[in-house]
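Descriptive analysis of the structure
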Amino acid sequence: MITQNVVWTIALAGMGLIALGFMHVIRQAGKPADETAVRKAAHTSNVLRRWLFGALLVIFVGGVYATLHRFPIAPQHAPLDIQQVVDVTGQQWSWQITPSTVHAGSPVEFRVTSKDVNHGFAIYAPDGRIAAQTQAMPGFTNKLVHTFTQPGTYRVMCLEYCGLGHAPMTSEFTVVAASGD
Amino acid sequence: MAALTMYPENERLAGDSRVAFNLYVISAIALFVLMMLLGLTMRMGQATWLSVPPDLFYRLLSMHGAGMVGTAALATTAVMWFFLRKYVHLHLWAFVTNYVMFMLGALCIIFAIFIDGYGALWTFLYPLPVHGMGLWSANAAALFMLGYLLLGVGMLVFYLDAAAAIIKVHGNLGRALGLQWLFGGTIDPDHPKTVVASTMVIIANVLGILAGAVVLVMSLVNIFYPEMALNALLAKTLIYWFGHMYINATIYMGVIAVYELLPRYSGRPYPITRPFLWSWALSTLFVIIVFPHHLLMDFAVPRWFAVTGQVVSYSAGFPVFLVTMYGALTNIYRSNMRWTMPSRLMILSMFGWAAGIWPAILDGTIRINLMMHNTQWVPGHFHFYLLLGVLPMVLALMFHVIGQRGDAPPNTAADRLGFPIYLIGGLVFVLAFLDAGHLSVARRMATHLPEWTGTDKVGSIGAMLVVLAMLYFAVRITVGLLKAPARGTADDGTANTAG
């Protein structure tokens, strides 16, 4: 399951529902209503608002729990017990990635920093989608932990605008099959 | 509660007020068109339909970003001023000072970009402004920042004048926000929604502008004394605190037009309620503390900071969906509405805001931000609620005003054609961005991979339609504003009769 496709589906569904609600009201807006109809509509509106509040509350609580109960970013201020460590340094306009080969199936800790300005360290999977990213900021080292499931050549692109050579600031590294596979 | 009158006497624009308002509106609409043309040029460059060299692209991007944000602020300030002056005494000199400072600041920014080559974008993210690598000089960056400072000072003058005027009438900003009625008591039905919204904007955006001023001064010191290096994370935090509140303030200033005008076009009162007051009180807090969602990929920030960004992003949806959008829809439901340009634009603005906030909230989720940050998903959602939310709010007021000055209501055949072109073009444009984000297309890149150009081409077509409609709106509004009022009295026309 590609995360981006799920997000896109949720976005389209949400925007579509909002559009349907607007279309319904717009169609009704041109119709007149007498006092009784106005009172009835106001009552229905209040009931619907409560349901909408309830639905939003469920989405809120469910969304927060589902996405945060396991925090998606590795601890930054304690040593991580990870065997594969890759040092990444960005500078206008190139990447230094050491080592440039890692194994699939076990976590990789990318220690990402910058020598000059802010860069964005984005890992593009062989299918062209972003697998993970973090910022490369001068004076800071961000630890990005990711476990690759597919061997292949992964492209690195800069996702934080960093000047004239921003777009061509790319690199690559290789993910090989897990040891023993 | 005040009776619903289409053109009340206390909104009459005469003499210097009219000149000042026309200056704001005509400048803003001309700038919107120009900035859109820059945007179209960039999209066509990405689509490989135009050859746009990278150095030019990043200058255009810097101009487009700073220009659009500034122009949105200029236009929505005119909206706030237009309505707020009915309830409190605003000094015209403060309103004009903001305009003059804006123009001086804009000149600095234009000069810095097109003469000195500045290309570090509207976000001037430290330390990029001093790392032009030959594309621009430190002096260009300093001039750009000076331009921002001038804009900020002008806006502060306007806000402080408005704050003083509000306090004079309501005692303090808390009472103006209606905090005294949050937990009980009889709400004064004549307490103006405009005062509530304006107070919120003043509180939030004064903080934002001050944060911006601090980081601008810090950056200027660094430009001239490079040995005084800044903490990049602190600078980024201040920049996004400023930037987020500054652009969000445009929505909250713009929506005043909807609160004021919608009931006149629906013919149905739009009373102030306790949920409304809760909504604005909470929005004041949310807009001040939601900015950490811009730093979710800066893992060095404390965990609670990132969590705040996500949770507050989610929370910010409640007031928008439950009060603003829902209230507007309830107001027009079976109201015998006759559609004219102002009413169409107001409902479009509600849709643009509500629908646009949805992908924004998704992107505020840390887990999703890991995939979507700095892809075209981001311009997708902010163009959604700026192009289809804020701009229609502003246009609604403009069409409303020219409706009084023309012989007929703003609902000509050309208007009726222009509106769907704008709507369809806008939707195609923003959905192309969002689709590109879902395909991991990076934002802010002069050149795109061949597989990315499909959405660029679709987006360019949408942008062309938007520009076409906007060109028509610009001419229509400018000509309309320069006409003398066609009717004898200011309050001609009663609610829901303009159609």
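Please refer to the structure higher up on the page.
These remarks concern the structure in this document. (Residues numbered from 1 in each chain as written. Chains lettered and ligands numbered in written order. Predicted model: local features only at pLDDT ≥ 70, side-chain atom pairs only at ≥ 80, totals over all residues. Heavy atoms only, no water.)

A short note on the layout of surface pockets
Put simply, the largest pocket is a space of about 1,300 Å³. Lining of the largest pocket is provided by 41 residues; of these, S45(A), L48(A), Y326(B), L329(B) and T330(B) occupy positions nearest its centre. Contributing elements (two or more residues each) for the lining of the largest pocket: α1 (3–29) and α2 (35–68) of chain A together with α8 (274–289) and α10 (317–332) of chain B. Per element, the largest residue contribution to the lining of the largest pocket is 14 residues, and it comes from α2(A). Residues that form the lining of the largest pocket fall into these classes: 26 nonpolar, 11 polar and 4 charged. Taken as a whole, the second largest pocket spans an internal volume of roughly 720 Å³. In terms of lining residues, the second largest pocket is bounded by 29 residues, among which T3(A), A131(A), H146(A), T147(A) and M371(B) are the most central. (1 Å grid on protein atoms, 1.4 Å probe; cavity = no way out; pocket = protein on both sides within 12 Å on 5 of 7 lines; lining within 4 Å. Points joined across faces, edges and corners; volume = space filled by probe spheres on them. Helix = DSSP H or I, 4+ residues; strand = E, 2+ residues; numbered from the N terminus. Nonpolar A, V, L, I, M, F, W, Y, C, P; charged D, E, K, R; others polar.)

Some details on the interface of chain A and chain B
Chain A puts 75 residues into the contact, and the matching count from chain B is 81 residues. Sorting the residues of chain A by area buried against chain B places W8(A), F22(A) and Y161(A) first, and these three jointly supply 11% of that buried surface. Where chain A touches chain B, the interface holds 1 salt bridge. R444(B) is the salt-bridge partner of E160(A), the closest N and O atoms lying 3.7 Å from each other. Taken together, the links from chain A to chain B amount to 31 residue pairs in polar contact (both at pLDDT 80 or more). (Contact = heavy atoms within 4.5 Å. Buried area = accessible area lost by both parts, 1.4 Å probe. Salt bridge = Lys/Arg side-chain N within 4 Å of Asp/Glu carboxyl O. Polar contact = N/O pair within 3.5 Å; in protein donor to acceptor, adjacent residues only side chain to side chain.)

Description of the packing of α2(A) against helix α9 (residues 303–315) of chain B
For the pair α2(A) and α9(B), the least separation of the axes is 10 Å and the interaxial angle reads 155°. If you check the angle between α2(A) and α9(B), you find them roughly antiparallel. Crossing hand, α2(A) versus α9(B): right-handed. Packed against α2(A), whose contacting residues are F60(A), G63(A), V64(A), T67(A) and L68(A), the element α9(B) presents V307(B), Q310(B), V311(B), Y314(B) and S315(B) at the interface. Of the residues assigned to the contact of α2(A) with α9(B), the class counts are 6 nonpolar, 4 polar and no charged. (Axes fitted to C-alpha atoms, helices over the stretch in contact; angles between N-to-C directions. Parallel < 35°, antiparallel > 145°, perpendicular 65-115°, else oblique. Left-handed = near helix turned anticlockwise from the far one by under 90°.)

A few points about the environment of M36(B)
Residue and element names in this part refer to chain B. In this structure, M36 sits in helix α1 (residues 15–46). Since its relative accessible area comes to 8%, M36 is described here as buried. Residues M36 and S460, 424 residues apart in the sequence, show an inter-C-alpha distance of 11 Å. The contact partners of M36, leaving out residues within four places of it in the chain, are M68, L387, L391, V466, V467 and M470. (Buried < 20%, exposed > 50% of the residue type's maximum accessible area, 1.4 Å probe, protein only.)

Quick word on helix α3 (residues 92–114) of chain B
For α3(B), built from 23 residues, the straight-helix expectation of 33 Å at 1.5 Å per residue is met to within 8% by its first-to-last C-alpha distance of 33 Å. A94(B), F95(B), N98(B), Y99(B), M101(B), F102(B), G105(B), A106(B), C108(B), I109(B), A112(B) and I113(B) are the residues of α3(B) that are buried. (Expected span 1.5 Å × (residues − 1).)

Thoughts on the pattern of salt bridges
All names here are of chain B. Applying the stated criterion across every chain yields a total of 11 salt bridges over all chains. The residue R264 makes a salt bridge to E260 at a minimum N-O spacing of 3.4 Å. In this pair, R264 and E260 are both assigned in helix α7 (residues 232–266), 4 residues apart and thus about one turn of the helix distant. Taken as a pair, R264 and E260 share a single burial class, namely buried. Within this structure, E11, K86, E260 and R264 form a network of salt bridges that share partners.

Section: the nonpolar core
If you look at the biggest cluster of nonpolar residues, it comprises 245 residues, and the most contacted ones within it are F110(A) and Y159(B). It is α7(B) that contributes the most residues to this core, 22 residues altogether. (Core = buried A, V, L, I, M, F, W, Y, C linked by side-chain atoms within 4.5 Å.)

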